[in-house]
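Here is how the chains run, residue by residue.
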Amino acid sequence: MKLGEGVEAAIHCAATLASVEGNSTMPGAALAESFGLSPSYLLKHLNMLTAERILESVPGPAGGYRLARPAERITLLDIVLAIEGREPAFRCGEIRRNGPVKLDASAYVKLCGINAAMLKAERAYRAALAETRLSDIVADYQAEGDPRSIAASCAFVARHQRPQKSASTKQV
(Lines give C-alpha, C1' and ligand atoms only; values in the text may rest on other atoms or scores of the structure.)
Protein backbone atom coordinates (compact mmCIF):
# COMPACT_ATOMS: atom_id res chain seq x y z
CA MET A 1 0.00 0.00 0.00
CA LYS A 2 1.38 3.37 -0.96
CA LEU A 3 0.09 6.60 0.53
CA GLY A 4 0.63 9.94 -1.11
CA GLU A 5 3.16 12.43 0.24
CA GLY A 6 0.25 14.61 1.28
CA VAL A 7 -0.55 12.20 4.10
CA GLU A 8 2.83 12.78 5.72
CA ALA A 9 2.47 16.55 5.34
CA ALA A 10 -1.07 16.48 6.75
CA ILE A 11 -0.09 14.46 9.82
CA HIS A 12 2.92 16.67 10.52
CA CYS A 13 0.84 19.83 10.16
CA ALA A 14 -1.90 18.51 12.44
CA ALA A 15 0.72 17.50 15.02
CA THR A 16 2.26 20.98 14.83
CA LEU A 17 -1.14 22.61 15.25
CA ALA A 18 -1.76 20.45 18.33
CA SER A 19 0.89 22.53 20.10
CA VAL A 20 -0.60 25.91 19.18
CA GLU A 21 -1.88 27.62 22.34
CA GLY A 22 -5.58 28.09 23.01
CA ASN A 23 -7.53 29.33 20.03
CA SER A 24 -4.43 30.71 18.27
CA THR A 25 -3.83 29.91 14.62
CA MET A 26 -0.81 29.33 12.42
CA PRO A 27 -0.60 30.56 8.83
CA GLY A 28 -0.44 27.96 6.08
CA ALA A 29 2.72 29.62 4.77
CA ALA A 30 4.43 29.04 8.13
CA LEU A 31 3.39 25.39 8.11
CA ALA A 32 4.77 25.02 4.58
CA GLU A 33 8.02 26.69 5.64
CA SER A 34 8.30 24.42 8.66
CA PHE A 35 8.42 21.33 6.45
CA GLY A 36 10.07 22.78 3.35
CA LEU A 37 6.95 22.40 1.25
CA SER A 38 5.44 24.57 -1.44
CA PRO A 39 2.66 26.70 0.11
CA SER A 40 0.33 26.01 -2.84
CA TYR A 41 0.92 22.25 -2.52
CA LEU A 42 0.28 22.29 1.22
CA LEU A 43 -2.78 24.54 0.91
CA LYS A 44 -4.55 21.84 -1.10
CA HIS A 45 -4.06 19.38 1.77
CA LEU A 46 -4.94 21.89 4.47
CA ASN A 47 -8.20 22.57 2.61
CA MET A 48 -8.95 18.82 2.57
CA LEU A 49 -8.38 18.65 6.33
CA THR A 50 -10.61 21.68 6.80
CA ALA A 51 -13.37 20.16 4.66
CA GLU A 52 -13.32 17.07 6.89
CA ARG A 53 -13.45 19.25 10.04
CA ILE A 54 -10.04 18.16 11.26
CA LEU A 55 -8.74 21.70 10.91
CA GLU A 56 -10.49 25.02 11.18
CA SER A 57 -9.54 27.86 8.85
CA VAL A 58 -9.75 31.34 10.36
CA PRO A 59 -9.83 34.18 7.78
CA GLY A 60 -8.24 37.58 8.08
CA PRO A 61 -4.83 39.11 8.73
CA ALA A 62 -4.45 37.25 12.03
CA GLY A 63 -5.99 34.11 10.59
CA GLY A 64 -4.58 30.74 9.78
CA TYR A 65 -5.28 27.17 10.77
CA ARG A 66 -5.93 25.38 14.05
CA LEU A 67 -7.33 22.03 15.06
CA ALA A 68 -11.11 21.90 14.81
CA ARG A 69 -11.30 19.50 17.75
CA PRO A 70 -8.92 18.29 20.45
CA ALA A 71 -6.00 16.12 19.32
CA GLU A 72 -7.41 13.31 21.49
CA ARG A 73 -10.40 13.18 19.13
CA ILE A 74 -8.41 13.04 15.89
CA THR A 75 -7.05 9.71 14.67
CA LEU A 76 -4.50 8.97 12.01
CA LEU A 77 -7.33 7.30 10.10
CA ASP A 78 -9.27 10.57 10.11
CA ILE A 79 -6.29 12.32 8.52
CA VAL A 80 -5.51 9.57 6.00
CA LEU A 81 -9.13 9.40 4.83
CA ALA A 82 -9.29 13.20 4.53
CA ILE A 83 -6.31 13.17 2.18
CA GLU A 84 -6.62 9.84 0.36
CA GLY A 85 -10.41 9.48 0.30
CA ARG A 86 -12.65 6.79 1.73
CA GLU A 87 -12.36 4.24 -1.06
CA PRO A 88 -10.38 1.09 -0.25
CA ALA A 89 -6.81 1.03 -1.53
CA PHE A 90 -7.53 -2.16 -3.49
CA ARG A 91 -10.42 -2.16 -5.92
CA CYS A 92 -11.21 -5.54 -7.40
CA GLY A 93 -11.99 -5.29 -11.10
CA GLU A 94 -13.13 -8.95 -11.29
CA ILE A 95 -10.57 -9.58 -14.03
CA ARG A 96 -10.96 -13.30 -13.38
CA ARG A 97 -14.06 -13.03 -15.62
CA ASN A 98 -12.16 -11.49 -18.54
CA GLY A 99 -10.24 -14.48 -19.90
CA PRO A 100 -10.85 -16.20 -23.21
CA VAL A 101 -13.22 -18.75 -21.67
CA LYS A 102 -16.44 -16.93 -20.85
CA LEU A 103 -18.33 -18.59 -18.02
CA ASP A 104 -21.82 -17.83 -16.80
CA ALA A 105 -22.01 -15.33 -13.89
CA SER A 106 -23.10 -18.21 -11.64
CA ALA A 107 -19.49 -19.48 -11.75
CA TYR A 108 -18.46 -16.39 -9.79
CA VAL A 109 -20.95 -16.24 -6.92
CA LYS A 110 -18.21 -16.66 -4.32
CA LEU A 111 -16.22 -13.53 -3.49
CA CYS A 112 -12.86 -13.46 -5.23
CA GLY A 113 -10.26 -14.81 -2.77
CA ILE A 114 -7.80 -12.10 -3.72
CA ASN A 115 -10.39 -9.40 -3.09
CA ALA A 116 -11.30 -11.00 0.27
CA ALA A 117 -7.65 -11.08 1.37
CA MET A 118 -7.05 -7.50 0.31
CA LEU A 119 -10.17 -6.25 2.09
CA LYS A 120 -9.09 -8.10 5.24
CA ALA A 121 -5.71 -6.35 5.09
CA GLU A 122 -7.45 -3.01 4.53
CA ARG A 123 -9.61 -3.52 7.62
CA ALA A 124 -6.54 -4.31 9.75
CA TYR A 125 -4.66 -1.30 8.39
CA ARG A 126 -7.58 1.04 9.04
CA ALA A 127 -8.14 -0.39 12.52
CA ALA A 128 -4.49 0.29 13.44
CA LEU A 129 -4.77 3.87 12.19
CA ALA A 130 -8.08 4.34 14.02
CA GLU A 131 -6.42 3.29 17.30
CA THR A 132 -3.70 5.93 17.00
CA ARG A 133 -4.73 9.40 18.09
CA LEU A 134 -2.94 12.56 17.09
CA SER A 135 -2.38 13.23 20.80
CA ASP A 136 -0.51 9.88 21.02
CA ILE A 137 1.85 10.93 18.23
CA VAL A 138 2.51 14.28 19.90
CA ALA A 139 3.04 12.70 23.33
CA ASP A 140 5.45 10.11 21.90
CA TYR A 141 7.42 12.85 20.16
CA GLN A 142 7.62 14.92 23.35
CA ALA A 143 8.71 11.89 25.37
CA GLU A 144 11.17 10.34 22.91
CA GLY A 145 12.18 13.06 20.44
CA ASP A 146 15.60 14.63 20.39
CA PRO A 147 15.53 17.63 22.77
CA ARG A 148 17.04 19.87 20.05
CA SER A 149 14.25 18.95 17.64
CA ILE A 150 11.59 19.51 20.29
CA ALA A 151 13.07 22.89 21.25
CA ALA A 152 13.26 23.96 17.59
CA SER A 153 9.64 22.90 16.97
CA CYS A 154 8.38 24.70 20.06
CA ALA A 155 10.30 27.86 19.13
CA PHE A 156 8.90 27.74 15.59
CA VAL A 157 5.33 27.42 16.88
CA ALA A 158 5.86 30.21 19.40
CA ARG A 159 7.18 32.52 16.64
CA HIS A 160 4.42 31.81 14.14
CA GLN A 161 1.24 31.24 16.13
CA ARG A 162 -1.30 34.04 15.95
CA PRO A 163 -3.38 34.65 19.06
CA GLN A 164 -7.03 35.35 18.38
CA LYS A 165 -8.69 38.32 20.10
CA SER A 166 -12.20 36.95 20.59
CA ALA A 167 -13.35 33.67 22.08
CA SER A 168 -13.59 30.89 19.55
CA THR A 169 -16.57 28.79 18.70
CA LYS A 170 -14.14 25.92 18.35
CA GLN A 171 -15.86 22.55 18.32
CA VAL A 172 -15.10 20.32 21.29
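Definitions and limits used
- Residues numbered from 1 in each chain as written.
- Predicted model: local features only at pLDDT ≥ 70, side-chain atom pairs only at ≥ 80, totals over all residues.
- Heavy atoms only, no water.
- Helix = DSSP H or I, 4+ residues; strand = E, 2+ residues; numbered from the N terminus.
- Expected span 1.5 Å × (residues − 1).
- Buried < 20%, exposed > 50% of the residue type's maximum accessible area, 1.4 Å probe, protein only.
- Contact = heavy atoms within 4.5 Å.
- Polar contact = N/O pair within 3.5 Å; in protein donor to acceptor, adjacent residues only side chain to side chain.

Between its first and last C-alpha atoms helix H1 (residues 5-17) spans 19 Å; for 13 residues at 1.5 Å apiece the expected length is 18 Å, and the two agree. When you tally the buried positions in H1, you get 10 out of 13 residues, the bulk of the element. Those residues of H1 lying buried are Gly-6, Val-7, Ala-9, Ala-10, Ile-11, Cys-13, Ala-14, Ala-15, Thr-16 and Leu-17.

Right, let's talk about the environment of Thr-25 for a bit. Among the structural elements, Thr-25 can be located in the loop between H1 and helix H2 (28-35). Its relative accessible area of 0% is what places Thr-25 among the buried residues. Sequence spacing of Thr-25 and Val-101 is 76 residues, and the spatial spacing of their C-alpha atoms is 61 Å. Those residues in contact with Thr-25 that sit more than four places away from it in its chain are Val-20, Val-58, Ala-62, Gly-63, Gly-64, Tyr-65, Arg-66, His-160, Gln-161, Arg-162 and Gln-164. Reaching out from Thr-25, the side chain makes a polar contact with the backbone oxygen of Gly-63 at a distance of 3.3 Å. Of the polar contacts made by the side chain of Thr-25, one reaches the side chain of Gln-164; its length is 3.3 Å.

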